Amino acid sequence: MAKSIVPQNHYVYQITFEEVPHIYFGSRTCKCLPEDDIKYMGSPKTYKHFWVDYTPIKTILVSGFRTREEANTYEADLIEYQWTINKPLSVNGTISNEKFNTVGRPKTQKQIESIRRICLGKKLSPEHIEAIRQGNLGRIPTIEQRLAVSLAQSTPFYLVSPTGEIFRGVNLRQFCIKNELNQGNCNSVMSGSKFHYKGWTASIKAHELYLVFHADRGINWNNIYKY
């Protein structure tokens, strides 16, 4: 007799603590309903003393992911956002509040993608910007490059700010410069490869979902762009 296949549920959760304002995000796969998976409280590689010294509170944020990879991507977005607004309160990190040291170790494709996502939106140093400028001096754009720039300046865009204000336009580059945003990350939001970028989302529905996770945690939206 063939064994029945038990469906797996993939979900993302958060752990908060009654005594301190720190927060931990995790993804999980279980064979029961997420709301019944109450015994599992996370498996952090660091900050383990939080689970011993304080009282953890588990909250299911999103369930129903089709794969674990989708849940992991969503978890990475939440961690990235928490590091942007208040890195010291994040429990997703090492004791020194830095990324895990993997120097000298070969990286998997999954780790490479995770690093890429974390680095998205980081500002270049003035020295780096000047080096790029010097490297481009004297170069004549090709016809294809000119057409690509012209097309990008005439392509409509739609974004919702962290405060819910809707922005529509046809020159995303100028909009990003004016609002101190990274154009590549804004394109990733509009294409759906990123859930948000510094609180900016691609639809009112996504914005409302975003607020469910963050608006009730005392975030000061005026500081959303500060690192």
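These lines cover the structure that appears in this document, whether it is placed above or below. (Residues numbered from 1 in each chain as written. Predicted model: local features only at pLDDT ≥ 70, side-chain atom pairs only at ≥ 80, totals over all residues. Heavy atoms only, no water.)

## Re the pairing of strand E1 (residues 9-17)
Part 1 of the argument: Burial analysis of E1 places 7 of its 9 residues in the buried class, which makes it a mostly covered element.
Part 2 of the argument: Summarising the sheet, E1 and strand E2 (residues 23-30) pair through 8 bridges and their orientation is antiparallel. Across the sheet, residue Gln-14 finds its bridge partner in E2, namely Phe-25.
Part 3 of the argument: Adjacent in sequence and paired antiparallel, E1 and E2 are bridged by 5 residues. (Buried < 20%, exposed > 50% of the residue type's maximum accessible area, 1.4 Å probe, protein only. Helix = DSSP H or I, 4+ residues; strand = E, 2+ residues; numbered from the N terminus. Pairing = 2+ DSSP bridges.)

## Side note on the nonpolar core
Part 1 of the argument: With 15 residues, the main nonpolar core has Val-12, Phe-25, Leu-61, Phe-65, Tyr-74 and Leu-78 as its most contacted residues.
Part 2 of the argument: Among the elements that make up this core, the one with the highest residue count is helix H2 (residues 68-86) (6 residues).
Part 3 of the argument: Counting residues in each nonpolar core, the second largest holds 12 residues, with Tyr-11, Ile-15, Phe-17 and Cys-30 among its members. (Core = buried A, V, L, I, M, F, W, Y, C linked by side-chain atoms within 4.5 Å.)

## A closer look at the environment of Gly-164
Part 1 of the argument: Its place among the elements puts Gly-164 in the loop between strand E4 (157-160) and strand E5 (166-169).
Part 2 of the argument: Separated by 39 residues in sequence, Gly-164 and Ser-203 have C-alpha atoms that sit 9.5 Å apart.
Part 3 of the argument: For Gly-164, the contacting residues outside a window of four places in its chain are Ile-204 and His-207. (Contact = heavy atoms within 4.5 Å.)

## A look at the sheet that holds strand E3 (residues 56-65)
Part 1 of the argument: Across the sheet, 3 strands lie side by side as E2-E1-E3; this open sheet has antiparallel pairing. Among the strands making up the open sheet, the edge pair consists of E2 and E3. Neighbour-to-neighbour, the strand axes of this sheet turn through a mean angle of 25 degrees, independent of strand direction.
Part 2 of the argument: The sheet strands contacting H2 are E1, E2 and E3, and the helix crosses E2 at an angle near 180 degrees. (Axes fitted to C-alpha atoms, helices over the stretch in contact; angles between N-to-C directions.)

## A look at the environment of Tyr-158
Part 1 of the argument: Mapped onto the fold, Tyr-158 is located in strand E4.
Part 2 of the argument: Judged by relative accessible area, Tyr-158 falls into the partly exposed class, the value being 26%.
Part 3 of the argument: In the structure, Tyr-158 is positioned 11 residues away from Gly-169 in sequence and 6.9 Å away in space, judged by C-alpha atoms.
Part 4 of the argument: Setting aside chain neighbours within four positions, we find Tyr-158 in contact with Ile-166, Phe-167, Arg-168, Met-190, Ala-202, Ser-203 and Ile-204.

## Quick notes on the pairing of E4
Part 1 of the argument: Relative to E5, E4 is paired through 4 bridges, and the arrangement is antiparallel. Residue pairing for E5: Phe-157 is matched across the bridge by Gly-169.
Part 2 of the argument: With antiparallel pairing between neighbouring strands as the criterion, E4 and E5 make up a hairpin whose turn holds 5 residues, including Gly-164 at a positive phi of roughly 95 degrees.

## Section: the side chain of Gln-14
Part 1 of the argument: Note on placement: Gln-14 falls in strand E1.
Part 2 of the argument: The contacts of Gln-14, once residues within four sequence positions are left out, are Ile-23, Tyr-24, Phe-25, Ile-57, Lys-58, Thr-59 and Leu-61.

## Concerning helix H7 (residues 183-191)
Part 1 of the argument: Here H7 has its buried residues at Asn-185, Cys-186, Ser-188 and Val-189. Buried residues of H7 fall within an arc of 155 degrees about the axis and therefore sit on the same side.
Part 2 of the argument: At its buried positions, H7 is contacted by E4 and helix H6 (172-179).
Part 3 of the argument: The backbone nitrogen of Gly-184 has a side-chain oxygen 2.9 Å away, supplied by the residue at the start of H7, namely Asn-182.
Part 4 of the argument: Remark: Gly-192 follows H7 within two positions and exhibits a positive phi of approximately 95 degrees. (Arc of directions from axis to C-beta. Polar contact = N/O pair within 3.5 Å; in protein donor to acceptor, adjacent residues only side chain to side chain.)

Purely geometric numbers; function is a separate question.
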